[in-house]
2 protein chains.
Amino acid sequence: MTYAIAEAAHRTGLSIDTLRYYERIELIDPPARDSGGRRAYTDSDLDWLTFLTRLRTTGMPIRLMREYARLRHQGPASAVPRKRILERHRADVLARVAELRSCLEVLDYKIDNYERMAACEAGAPAAAVPELREATA
Amino acid sequence: MTYAIAEAAHRTGLSIDTLRYYERIELIDPPARDSGGRRAYTDSDLDWLTFLTRLRTTGMPIRLMREYARLRHQGPASAVPRKRILERHRADVLARVAELRSCLEVLDYKIDNYERMAACEAGAPAAAVPELREATA
DNA sequence: GTAGGAGCTGGAGTGCGCTCCAGGTCAACC
DNA sequence: GGTTGACCTGGAGCGCACTCCAGCTCCTAC
């Protein structure tokens, strides 16, 4: 079973242009071609693309994905450095999640302030409540 | 208490160029100037910059930060739309965290595979274990 | 009074990750 | 056999968020 580029794009959530771009920059191997010279993606091509989208979603820079792709070509021999790349990336992603969480607290605090402002507005003007001024300014 | 641009950069973690850039694009108000025409940032300037870095860290695009900054100028009257922006952004950040988590599972699975490969290598060759081939390929 | 360092301005340049385009080929359908 | 539509190539262009630069001014310290 193979897929034309439009179908591959649909299945991976990437655009047709992005698929060709990933091929140009050697993130993926050139897929097989059909009799008319058109790209024919296999299921395993799509699996790899899907994995790449996970890496991209988690913010891995393309040059590192390329490095990973390059290592993949060397087969089992490169398992150790590939694992190392993924482990390092996992650590980065965990750090990112922690960072987002901590920013979320600030966001929650700010939103809360706006809520309290709205509550006050029904009673006293916000300007009369000192600890709310920062949020209004 | 005011701060020269280098000190403001140090305290906010932004670069001097970024501070001037944020001013140019109207993310921040032009700070006061000292007698020699140099920028003099106040604590409240820094507070705002710090908050902006939280928004940026969480991936808010600059044009939305600008919109928020613009609303801020209108004072308490714009509290409602500002709150709405933050709430929407919070939802985006939560979604992002969930997405990262789900990608982390894939990452964990892959790393686990590499671990099992290494374990097998001590015994049988990896190629002899069908469910590991995908990871080695 | 002069050398050095921080800061100033307007504008150009950069890196990333796509995205778009012109001009052509090919297969299929009417 | 003509038209349509998907796909092809090489290369240019884009949006974002900075980052860097040249050439200048100003204050400070010697």
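Residues numbered from 1 in each chain as written. Chains lettered and ligands numbered in written order. Predicted model: local features only at pLDDT ≥ 70, side-chain atom pairs only at ≥ 80, totals over all residues. Heavy atoms only, no water.

- Under an unreviewed UniProt entry, the name given to chain A is MerR family transcriptional regulator, and the organism recorded is Actinokineospora bangkokensis.

## Brief notes about the packing of helix H1 (residues 5–12) of chain B against helix H3 (residues 43–57) of chain B
For any two helices packed against each other, one specifies the inter-axial angle together with the distance between the axes.
Residue and element names in this part refer to chain B.
And step 1. The geometry of H1 relative to H3 is characterised by a closest axis approach of 10 Å and an angle of 40° between their N-to-C directions. Viewed along their axes, H1 and H3 adopt a mutual orientation that is oblique. Here H1 runs over H3; the crossing is right-handed. In this structure, H1 uses Ala8, Arg11 and Thr12 to contact H3, whose residues at the interface are Leu46, Leu49, Thr50 and Thr53.
And step 2. Classifying every residue of the contact of H1 with H3 by side-chain character gives 3 nonpolar, 3 polar and 1 charged. (Axes fitted to C-alpha atoms, helices over the stretch in contact; angles between N-to-C directions. Helix = DSSP H or I, 4+ residues; strand = E, 2+ residues; numbered from the N terminus. Parallel < 35°, antiparallel > 145°, perpendicular 65-115°, else oblique. Left-handed = near helix turned anticlockwise from the far one by under 90°. Contact = heavy atoms within 4.5 Å. Nonpolar A, V, L, I, M, F, W, Y, C, P; charged D, E, K, R; others polar.)

## What to know about helix H3 (residues 43–57) of chain A
And step 1. An ideal rise of 1.5 Å per residue puts 21 Å on 15 residues; H3 of chain A measures up with 21 Å between its terminal C-alpha atoms.
And step 2. Looking at H3 of chain A, one finds that the buried residues are Leu46, Trp48, Leu49, Phe51, Leu52, Thr53, Leu55 and Thr57 of chain A. (Expected span 1.5 Å × (residues − 1). Buried < 20%, exposed > 50% of the residue type's maximum accessible area, 1.4 Å probe, protein only.)

## A short note on the sheet that holds strand E1 (residues 2–3) of chain B
Residue and element names in this part refer to chain B.
And step 1. One open sheet holds the 3 strands; their spatial order is E1-E3-E2, and the pairing between them is antiparallel. Only two strands of the sheet have a single neighbouring strand rather than two, namely E1 and strand E2 (32–33).
And step 2. Where E1 lies against strand E3 (residues 39–42), 2 bridges are found, and the strand directions are antiparallel. Pairing of threonine 2 across the sheet is with threonine 42, part of E3. (Pairing = 2+ DSSP bridges.)

## What about the pairing of strand E3 (residues 39–42) of chain A?
All names here are of chain A.
And step 1. Bridge count for strand E2 (residues 32–33) against E3 is 2 bridges, and the pairing is antiparallel. Across the sheet, residue arginine 33 finds its bridge partner in E3, namely arginine 39.
And step 2. Joining the antiparallel neighbours E2 and E3 is a turn of 5 residues, in which glycine 37 adopts a positive phi near 85°.

## Points about helix H1 (residues 5–12) of chain A
Residues and elements named next belong to chain A.
And step 1. Within the sequence span of H1, burial applies to Ile5, Ala8, Ala9 and Thr12. End-on, the buried residues of H1 take up no more than an arc of 100°, which puts them together on one face.
And step 2. For H1, the elements touching its buried residues are strand E1 (2–3), helix H2 (16–24), E3 and H3.
And step 3. Positive backbone phi, at 80°, marks glycine 13, one or two positions downstream of H1. (Arc of directions from axis to C-beta.)

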